[in-house]
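Letter by letter, the chains look like this.
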Amino acid sequence: MDFTQGQKFADLSVEQFSKVMDKLKEYSREGRFHWEITSIGHGKNHVLEVYNEFPSKSEFSHPAHVPAGVKWARFRLESDQRLIGFVIDKNDAECMRLNPDVFYVVFLDLYHKFYVS
């Protein structure tokens, strides 16, 4: 995680932290691709949105420790709260030494500032 941008889990109230942990527990019950196709809200968005590139309209900056060529993504937690991270394609897994089934957490975004719409 990058603790220089976004919020820290320690910034959450006990109730907020509990809700985030419940969501993570729920999201861990299914694989990445399930959440990429599961609609949320009015059906246009998905629980897990993959943006491919770092968004140009972001109040965050690409951390140096995150490899180039990853696909940036977000899990919608609740309201404006997002868990921001990245995924990789299977064909990139070996050269990056990362798992394509894993969502790598980079930021906790409580105020929807990563992808400004």
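Scroll up to find the structure.
A short tour of the structure in this document, coming up. (Residues numbered from 1 in each chain as written. Predicted model: local features only at pLDDT ≥ 70, side-chain atom pairs only at ≥ 80, totals over all residues. Heavy atoms only, no water.)

### A word on the nonpolar core
Judged by nonpolar contacts, the single largest core of 14 residues is most densely connected at Phe75 and Phe103. Of all the secondary-structure elements, those providing two or more residues to this core are helix H1 (14-27), strand S4 (71-78) and strand S5 (81-87). Counting residues per element, this core draws most heavily on S4, which supplies three residues. Membership of the second largest hydrophobic core comes to 12 residues, among which are Val70, Trp72, Ile84 and Phe107. (Core = buried A, V, L, I, M, F, W, Y, C linked by side-chain atoms within 4.5 Å. Buried < 20%, exposed > 50% of the residue type's maximum accessible area, 1.4 Å probe, protein only. Helix = DSSP H or I, 4+ residues; strand = E, 2+ residues; numbered from the N terminus.)

### Considering the packing of aromatic side chains
Counted by the stated rule, this structure contains 15 aromatic pairs. Ring geometry for phenylalanine 54 and tryptophan 72: centres 5.0 Å apart, planes at 90°, overall edge-to-face. A residue pair is termed long-range when its members are at least 10 positions apart, and phenylalanine 54 in the loop between strand S3 (48-52) and S4 and tryptophan 72 in strand S4 qualify at 18 residues. The class of tryptophan 72 is buried, set by a relative accessible area of 2%. A centroid spacing of 4.7 Å and a plane angle of 45° characterise the contact between phenylalanine 60 and phenylalanine 107, whose relative ring orientation is tilted. Of this pair, phenylalanine 60 sits in the loop between S3 and S4 while phenylalanine 107 sits in strand S6 (residues 104-109), and the two are 47 residues apart along the sequence. Here the aromatic cluster, defined as three or more aromatic residues joined through ring pairs, consists of Tyr51, Phe54, Phe60, Trp72, Phe86, Tyr104, Phe107, Phe114 and Tyr115. (Phe/Tyr/Trp six-rings, centres within 6.5 Å; stacked < 30°, edge-to-face > 60°.)

Function cannot be read off these values alone, since they describe shape.
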